[in-house]
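Residues per chain are reported as follows:
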Amino acid sequence: MKMSTYEILCCPVCKGDLTLKTDKKEILETGEEDIIEGTLRCESCGVDYPVSEGIPDLLPRDKKGIISG
Amino acid sequence: MNDKEIIPEYHEQVYQPEADTYLLLKAVMAEIRCDDRVIEIGTGSGKIAGEVYKISKNVTATDINPHACRSAAALGPEVIRTDIAAGICSGFDLVIFNPPYLPTGEEEKIDDWLEYALDGGISGRETIEKFAEALPGIMDKNGRCLLLVSSLTGAEKVRDIFSRKKMLSFVILSEKCEDETLYILRIVHDICCDHLYS
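The name recorded for chain B in an unreviewed UniProt entry is Methylase, from Methanoplanus limicola DSM 2279. UniProt, in its Sequence similarities (unreviewed entry) section for chain B, records the words "Belongs to the eukaryotic/archaeal PrmC-related family."

Under an unreviewed UniProt entry, the name given to chain A is Trm112 family protein, and the organism recorded is Methanoplanus limicola DSM 2279.

(A) Region of interest: the interface of chain A and chain B. Taken together, the contacts link 19 residues of chain A with 18 residues of chain B. Between chain A and chain B, the buried area comes to about 1,400 Å², and carbon and sulfur atoms account for 60% of it. When the buried area of chain A at its contact with chain B is split by residue, I8, I55 and L59 of chain A rank highest and sum to 41% of it. Summed over the shared surface of chain A and chain B, the result is one salt bridge. The salt bridge partner of R81 of chain B is D57 of chain A, with a shortest N-O separation of 2.8 Å. Where chain A packs against chain B, one counts eight residue pairs in polar contact (both at pLDDT 80 or more). When grouped by side-chain class, the residues that make up the side of chain A that touches chain B number 11 nonpolar, two polar and six charged.

(B) Spatial organisation of the nonpolar core. Core analysis: the largest hydrophobic core is formed by 38 residues, its most contacted members being V95, F131, L135, L147 and F162 of chain B. Secondary structure elements with two or more residues in this core: β2 (33-42) and β3 (47-52) of chain A together with β1 (38-41), β4 (92-97), α5 (126-138), β5 (139-150), α6 (155-164) and β7 (180-189) of chain B. With five residues, α5 of chain B is the single largest residue contributor to this core. Setting aside its immediate chain neighbours within four residues, L135 of chain B contacts V95, C145, F162, M167 and I187 of chain B. Ranked by size, the runner-up nonpolar core spans 24 residues in total, among them A27, L146, L148 and L182 of chain B.

(C) Structural detail: the sheet that holds strand β1 (residues 19-27) of chain A. Residue and element names in this part refer to chain A. Across the sheet, four strands lie side by side as β1-β2-β3-β4; this open sheet has antiparallel pairing. Looking at the sheet topology across the chains shown, the edges are occupied by β1 and β4 (55-56). Here β1 pairs with β2 via eight bridges, running antiparallel. The residue bridging K24 from the neighbouring strand is E37, located in β2.

(D) Inspection of the packing of α5 of chain B against α6 of chain B at higher detail. Residue and element names in this part refer to chain B. Contact pair α5 / α6: the axes reach a minimum separation of 10 Å and the direction vectors enclose 25°. One finds that α5 runs roughly parallel with respect to α6. For the element pair α5 and α6, the recorded crossing hand is right-handed. When α5 is examined against α6, the residues I128, E129, F131, A132 and L135 are found in contact with a partner set consisting of V158, I161 and F162. In the contact of α5 with α6, the residues fall into seven nonpolar, no polar and one charged.

(E) Main features of the sheet that holds β4 of chain B. Residue and element names in this part refer to chain B. Reading across the sheet, the seven strands line up as β3-β2-β1-β4-β5-β7-β6 and stay open at both edges, with mixed pairing between neighbours. Edge positions in the sheet fall to β3 (78-81) and β6 (167-177), since each of these pairs with one other strand and no more. Averaged over all adjacent pairs, the angle separating strand axes in this sheet is 15°, with direction ignored. The pairing of strand β2 (residues 59-63) with β3 spans four bridges and is parallel. What sits directly across from D63, in β3, is R81. Sitting on the sheet, helix α3 (residues 66-73) touches β2 and β3, and the angle it makes with β3 is about 175°.

(F) Broad picture of the packing of aromatic side chains. Residue and element names in this part refer to chain B. Applying the stated criterion across every chain, the model contains three aromatic pairs over all chains. For the pair F97 and F131, a centre-to-centre distance of 4.7 Å together with 45° between the ring planes defines the contact as tilted. Note that F97 is positioned in strand β4 and F131 in helix α5, a separation of 34 residues in sequence. The class for F97 is buried, based on a relative accessible area of 3%. Aromatic pair F131 and F162: ring centres 6.3 Å apart, planes at 65°, arrangement edge-to-face. One end of the pair, F131, is in helix α5; the other, F162, is in helix α6, and 31 residues separate them in sequence.

Definitions and limits used
- Residues numbered from 1 in each chain as written.
- Chains lettered and ligands numbered in written order.
- Predicted model: local features only at pLDDT ≥ 70, side-chain atom pairs only at ≥ 80, totals over all residues.
- Heavy atoms only, no water.
- UniProt positions renumbered as here; feature names shortened; annotations may be inferred.
- Contact = heavy atoms within 4.5 Å.
- Buried area = accessible area lost by both parts, 1.4 Å probe.
- Salt bridge = Lys/Arg side-chain N within 4 Å of Asp/Glu carboxyl O.
- Polar contact = N/O pair within 3.5 Å; in protein donor to acceptor, adjacent residues only side chain to side chain.
- Nonpolar A, V, L, I, M, F, W, Y, C, P; charged D, E, K, R; others polar.
- Core = buried A, V, L, I, M, F, W, Y, C linked by side-chain atoms within 4.5 Å.
- Buried < 20%, exposed > 50% of the residue type's maximum accessible area, 1.4 Å probe, protein only.
- Helix = DSSP H or I, 4+ residues; strand = E, 2+ residues; numbered from the N terminus.
- Pairing = 2+ DSSP bridges.
- Axes fitted to C-alpha atoms, helices over the stretch in contact; angles between N-to-C directions.
- Parallel < 35°, antiparallel > 145°, perpendicular 65-115°, else oblique.
- Left-handed = near helix turned anticlockwise from the far one by under 90°.
- Phe/Tyr/Trp six-rings, centres within 6.5 Å; stacked < 30°, edge-to-face > 60°.

Below, the structure written as structure tokens:
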């Protein structure tokens, strides 16, 4: 997930901003950061959405990370 | 089409390119401008997003199916796992969607990820209606949307859905395909309508 992609994401439930925590990243040839592993946190819902293998997973889930519905 | 054709890696639970994919791809290639910010909703194998990536590096794809997300990401586009565009808060110049449209009853459902690529609910239009709700939020004021519909779904009924949302749609391409006819709708905001009501 490029940083430019991070900027267009929101919480799928409340549409609020997400805070990025990066665990693993690469730097692209363009100089842009590419997040490989990390977490996108919605503070108002108290939910963490994972970024895994470079793909943010924004399916609604509960606070324990269990995907709902 | 330039360069080599993209062949997505096969996965049994990912919708593979079919006649509908190729018809939509043809319309996309005629429509796209090199500076377009592009999003493909429900990208599946990633075939279309991957071909677009050769022209515009600013291409994002979504899918609810994790296997589809990985297939599409391998072809280059930025991929977000989300339902339609639920986790996206930005406008795009070109929105592409080949929706699940087969009218499907409860007894016909199969419980796997491929179900999401095919099942359009009882009417065949359930996912298209959800998409019509989301479209104003992800299509810029001067943006365009290319949507595949089938005679099984009812092209005119689909056009009614968008006209109720103050959007204009036109059939720009069609193709007879076994027992259905496939159509490509080009959808834009009705800017004149905005002016009248603002």
